[in-house]
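# Survey of secondary and tertiary structure
Residue strings, one per chain:
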Amino acid sequence: VWAVWYYLLGYPLNSYSQIGEYNKEVKEANAKFEKEYANPSKETLHAMGESIYLVQCSACHGITGDGIGGKAANLQIWGSEKGIVETILNGSKGLDYPMGEMPAGLADADGAKAIAAYVAKEISAIKSTKNENLVATGKELYAACAACHGEDGKGMDGMSVDLSKYGSASFVADVLNRG
């Protein structure tokens, strides 16, 4: 009888609790944050991104994004033709695609340069290359890459990296969402 009375009438539903106070403070802080950052300026977004990078990414990629001497990807060349060459030569790790990691050495230096020219010009969001003369050769050599990335470079429905987005903000977002 006492338990029934306590749960139905005696339990202080509207009384003070530390959890209730905490939840109220969190709600107020969130509302203040949302109001303050509803329309952030470019400078504010840059500062926020820099802060996140320094806390989450710099431990592996270095404060300058240089990859700390090959220990991680060199983010200074990401989104460029040179970045494609580096990935072909050194491989890619840590993105957990179903087809697995890309091993290093899938092409020699000249082949990597040609494949990168083709991917940069014809497949990626970059749509340009410094090596126009290598695009045709790169297209032929890309056939080995198509086994994982597909003929169109779109990653075969998420099985591997979508190269058609390489060089765009959506590519970076895809990588960050995988990590």
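Data block above holds the structure.
Residues numbered from 1 in each chain as written. Predicted model: local features only at pLDDT ≥ 70, side-chain atom pairs only at ≥ 80, totals over all residues. Heavy atoms only, no water.

## Considering the layout of surface pockets
The rolling of a water-molecule-sized probe over the atoms marks out the regions of remaining empty space. Its boundaries defined by the atoms lining it, the second largest pocket holds a volume of some 190 Å³. Lining the second largest pocket are Ser80, Glu81, Lys82, Val85, Glu86, Lys113, Ile126, Ser128, Thr129, Lys130 and Asn131. For the lining of the second largest pocket, the leading source of residues is helix H5 (residues 81-90), giving four residues. (1 Å grid on protein atoms, 1.4 Å probe; cavity = no way out; pocket = protein on both sides within 12 Å on 5 of 7 lines; lining within 4 Å. Points joined across faces, edges and corners; volume = space filled by probe spheres on them. Helix = DSSP H or I, 4+ residues; strand = E, 2+ residues; numbered from the N terminus.)

## Thoughts on the packing of H5 against helix H6 (residues 109-123)
At a minimum axis distance of 8 Å, the contact between H5 and H6 shows a crossing angle of 135°. Classified by the interaxial angle, the pair formed by H5 and H6 is oblique. Crossing of H5 over H6 shows right-handed handedness. Residues Glu81, Ile84, Val85, Ile88 and Leu89 of H5 lie in contact with H6, whose contacting residues are Ala109, Ala112, Lys113, Ile115, Ala116, Ala117, Val119 and Ala120. Partitioned by chemical class, the residues of the contact of H5 with H6 number eleven nonpolar, no polar and two charged. (Axes fitted to C-alpha atoms, helices over the stretch in contact; angles between N-to-C directions. Parallel < 35°, antiparallel > 145°, perpendicular 65-115°, else oblique. Left-handed = near helix turned anticlockwise from the far one by under 90°. Contact = heavy atoms within 4.5 Å. Nonpolar A, V, L, I, M, F, W, Y, C, P; charged D, E, K, R; others polar.)

## Quick notes on the side chain of Asp162
Here Asp162 lies in the loop between helix H8 (155-158) and helix H9 (169-178). The buried charged residue Asp162 lacks any salt bridge partner; its closest oppositely charged side chain belongs to Lys165, at an N-O distance of 4.4 Å. Within the structure, the side chain of Asp162 is placed 2.5 Å from the side chain of Ser164, a separation counted as a polar contact. With near-sequence residues (within four places) excluded, Asp162 lies in contact with Gly153, Lys154, Gly155 and Phe171. (Buried < 20%, exposed > 50% of the residue type's maximum accessible area, 1.4 Å probe, protein only. Lys, Arg positive; Asp, Glu negative; His and termini not counted. Salt bridge = Lys/Arg side-chain N within 4 Å of Asp/Glu carboxyl O. Polar contact = N/O pair within 3.5 Å; in protein donor to acceptor, adjacent residues only side chain to side chain.)

## A word on the packing of aromatic side chains
All chains considered together, the criterion is met by four aromatic pairs. Seen in terms of ring centroids, Trp78 and Phe171 are 6.0 Å apart; in terms of plane orientation they differ by 65°. Their pairing is edge-to-face. Note that Trp78 is positioned in the loop between helix H4 (58-61) and H5 and Phe171 in helix H9, a separation of 93 residues in sequence. When the centroid spacing of 5.5 Å and the interplanar angle of 55° are considered together, the rings of Tyr118 and Tyr142 count as tilted. Of the two residues, Tyr118 is situated in helix H6 and Tyr142 in helix H7 (residues 135-149); the sequence distance between them amounts to 24 residues. For Tyr118, a relative accessible area of 10% gives the class buried. Looking at Tyr142, the relative accessible area reads 2%, which means it is buried. (Phe/Tyr/Trp six-rings, centres within 6.5 Å; stacked < 30°, edge-to-face > 60°.)

## Brief notes about H6
With 15 residues, H6 extends 20 Å from end C-alpha to end C-alpha; this agrees with the ideal 21 Å at 1.5 Å per step. For H6, the full list of buried residues reads Gly111, Ala112, Ala114, Ile115, Ala116, Ala117, Tyr118, Val119, Ala120 and Ile123. Packed against the buried residues of H6 are H5 and H7. (Expected span 1.5 Å × (residues − 1).)

## Considering the environment of Lys113
Tracing the chain through its elements places Lys113 in helix H6. Along the backbone, Lys113 and Ile88 are 25 residues apart, and their C-alpha atoms lie at a distance of 8.9 Å. When residues no more than four places from it in sequence are discounted, the contact partners of Lys113 are Glu81, Val85, Asn131 and Leu134.

Purely spatial values, then, with no claim about function.
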